[in-house]
Amino acid sequence: MSMNRRAVVKAIASGSALIGISVLMPRIALAAWNSDAFQADNQATAMEALLGGSPQPSADVTLKVPDSADNGAMVPVTVRTSMANVESISLFVEGNPAPLVAEFLIPEGTEADVATRVRMASTSTVTAVVKAEGQLYSAAKEVKVVLGGCDS
Amino acid sequence: MAKGIIRVKAKAVGGMTKVKMMAKHTMETGRRTDNTSGERIPARYLQTLQVMHQGKTVFAANLGTAISKNPFFAFSFAAGEPGDELMITWLENTGDTATESVKIK
C-alpha cells in the first residue's frame, strides 16, 4: 500500500515536472540552467563549465561586498560594470560547497548592474565574472564571515 | 507551492525602470538536517527566474543553493512606463513553476 502510494506520488511529481519544463522551454531557453557548473565543488571547474574559460582581472568590474559579514546566510553583493555589450554576470564564492552562486543574463537594454544576497559557508573570496563580447573579466574580494551560512 | 511568492517594486524613472524583487522562498540547500528527525531536508530552491516586459526578456537568472533565503535581486532596464506589466516566471528545482505579473509604478 505504502509502496503503491509512493509510486503514484512519484509519477505525479515527475509528470508535472516534465509539463512545467516543456511549457517553459521556449521562454526560458535564454536561461538554460547549467547543472555541471552549479554542482561543481571547485571554482575553476565551475567557471570552466559555465563560461568555458577563466577570466582576466579587470578594474572595470566593480564588486561591492562587505569587508566582513556577521552572518554568512545573507551577504549583500552588488556587481556593476561600465563595459558595453555585457552578456552575463556570474557570482562565485570559492569556499562554498558549490562555488557557483548565480548567473545573471543581461539582455540588451538592461544595465550591467545587479544586486543580490548570497550565502557564505566561511571566510572566502567572492568573485564576479562579467562576460562581454565573448571575453571574461573578473573582480574578486575577500569577505570575512563570522558565522557560516550554508547550514542555516 | 502556491502562486504569488514574488514581491516586486518596479519604478519607472526617466525612461529607465528600476526593479527590486524578493521571492518568499526558503531556498533549502539539501545540506541541512532536521533537528528532530535527524533526516536530511531535501533541496528545494529556485533555479531560474525570468522577467519579461512587453514580450522581451529584461532579466534572467540561473540560481544555485548559495542564494540566500528569500532571494533578493535588483536590476534596471532602459524601457517601461508606469502601468506597464512585468511578467515574472520562476522555476523551482522540483519542477514547480509559475508566472506572476506586476505593474510598473
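Residues numbered from 1 in each chain as written. Chains lettered and ligands numbered in written order. Predicted model: local features only at pLDDT ≥ 70, side-chain atom pairs only at ≥ 80, totals over all residues. Heavy atoms only, no water.

**Some thoughts on the overall build of chain B**
Logical step 1: In terms of regular secondary structure, chain B is built from 0 helices and 7 strands.
Logical step 2: Reading the helices (α) and strands (β) of chain B from amino to carboxyl end gives β-β-β-β-β-β-β.
Logical step 3: For chain B, the residues scored as buried account for 52% of the 105 residues in total.
Logical step 4: Considering only contacts within chain B whose residues lie at least 6 apart along the sequence, 54% involve residues at least 24 apart.
Logical step 5: Of the roughly 5000 Å² of accessible surface on chain B, 50% is carried by carbon and sulfur atoms.
Logical step 6: Chain B carries 15 positive and 9 negative side-chain charges, and their two centres are separated by 8 Å. (Helix = DSSP H or I, 4+ residues; strand = E, 2+ residues; numbered from the N terminus. Buried < 20%, exposed > 50% of the residue type's maximum accessible area, 1.4 Å probe, protein only. Contact = heavy atoms within 4.5 Å. Areas by Shrake-Rupley, 256 points an atom, 1.4 Å probe, with all protein chains shown as cover. Lys, Arg positive; Asp, Glu negative; His and termini not counted. Charge placed at Lys NZ, Arg CZ, Asp CG, Glu CD.)

**Section: the side chain of Arg119(A)**
Logical step 1: Mapped onto the secondary structure, Arg119(A) falls in the loop between strand E7 (113-118) and strand E8 (124-132).
Logical step 2: A distance of 3.3 Å separates a polar side-chain atom of Arg119(A) from the backbone oxygen of Thr26(B).
Logical step 3: At 3.3 Å, the side chain of Arg119(A) and the backbone oxygen of Ile67(B) are in polar contact. (Polar contact = N/O pair within 3.5 Å; in protein donor to acceptor, adjacent residues only side chain to side chain.)

**Here we look at the pairing of strand E7 (residues 97-103) of chain B**
Within a regular beta strand, the side chains point alternately toward one face of the sheet and then the other, so they alternate between its two faces.
Residue and element names in this part refer to chain B.
Logical step 1: Residues Ala-98, Glu-100 and Val-102 of E7 are buried on one face, while the alternating residues Thr-97, Thr-99, Ser-101 and Lys-103, pointing to the opposite face, are not.
Logical step 2: Sheet topology note: the strand E6 (residues 85-92)/E7 ladder contains 7 bridges and is antiparallel. Opposite Ile-88, over in E7, you have Glu-100 as the bridge partner.
Logical step 3: Between the antiparallel neighbours E6 and E7 lie 4 residues, among them Gly-95 with a positive phi of about 100°. (Pairing = 2+ DSSP bridges.)

**A look at the packing of aromatic side chains**
Logical step 1: Across all of its chains, the model carries 7 aromatic pairs over all chains by this definition.
Logical step 2: Taking 6.3 Å as the distance between ring centres and 45° as the angle between the ring planes, the aromatic pair formed by Trp33(A) and Tyr45(B) counts as tilted. Here the residue Trp33(A) occupies a position in the loop between helix H1 (2-28) and helix H2 (35-39), and Tyr45(B) occupies one in the loop between strand E2 (16-23) and strand E3 (46-53), the pair thus bridging two chains.
Logical step 3: Each residue in the set Phe104(A), Phe59(B), Phe73(B), Phe75(B) and Phe77(B) is aromatic and connected to the rest through ring pairs, giving one cluster. (Phe/Tyr/Trp six-rings, centres within 6.5 Å; stacked < 30°, edge-to-face > 60°.)

**Comments concerning the interface of chain A and chain B**
Logical step 1: The interface is formed by 37 residues belonging to chain A together with 40 residues belonging to chain B.
Logical step 2: A combined buried area of about 3100 Å² lies between chain A and chain B, and 55% of that area is made up of carbon and sulfur atoms.
Logical step 3: There are 0 salt bridges connecting chain A and chain B.
Logical step 4: Linking chain A with chain B are 21 residue pairs in polar contact (both at pLDDT 80 or more).
Logical step 5: When grouped by side-chain class, the residues that make up the side of chain A that touches chain B number 22 nonpolar, 7 polar and 8 charged. (Buried area = accessible area lost by both parts, 1.4 Å probe. Salt bridge = Lys/Arg side-chain N within 4 Å of Asp/Glu carboxyl O. Nonpolar A, V, L, I, M, F, W, Y, C, P; charged D, E, K, R; others polar.)

**Some remarks on a positive patch on the surface**
Residue and element names in this part refer to chain B.
Logical step 1: Together, Arg-7, Lys-9, Lys-18, Lys-20, Lys-24, Lys-69 and Lys-105 line one region of the surface with positive charge.
Logical step 2: Those elements that provide at least two residues to the positive patch are strand E1 (6-13) and E2.
Logical step 3: Mapped onto the fold, Lys-24 is located in the loop between E2 and E3.
Logical step 4: Exposure remark for Lys-24: the relative accessible area of 62% places this residue in the exposed category. (Patch = residues over 30% accessible without salt bridge, like charges linked within 9 Å, V, L, I, M, F, W, Y side chains within 5 Å.)

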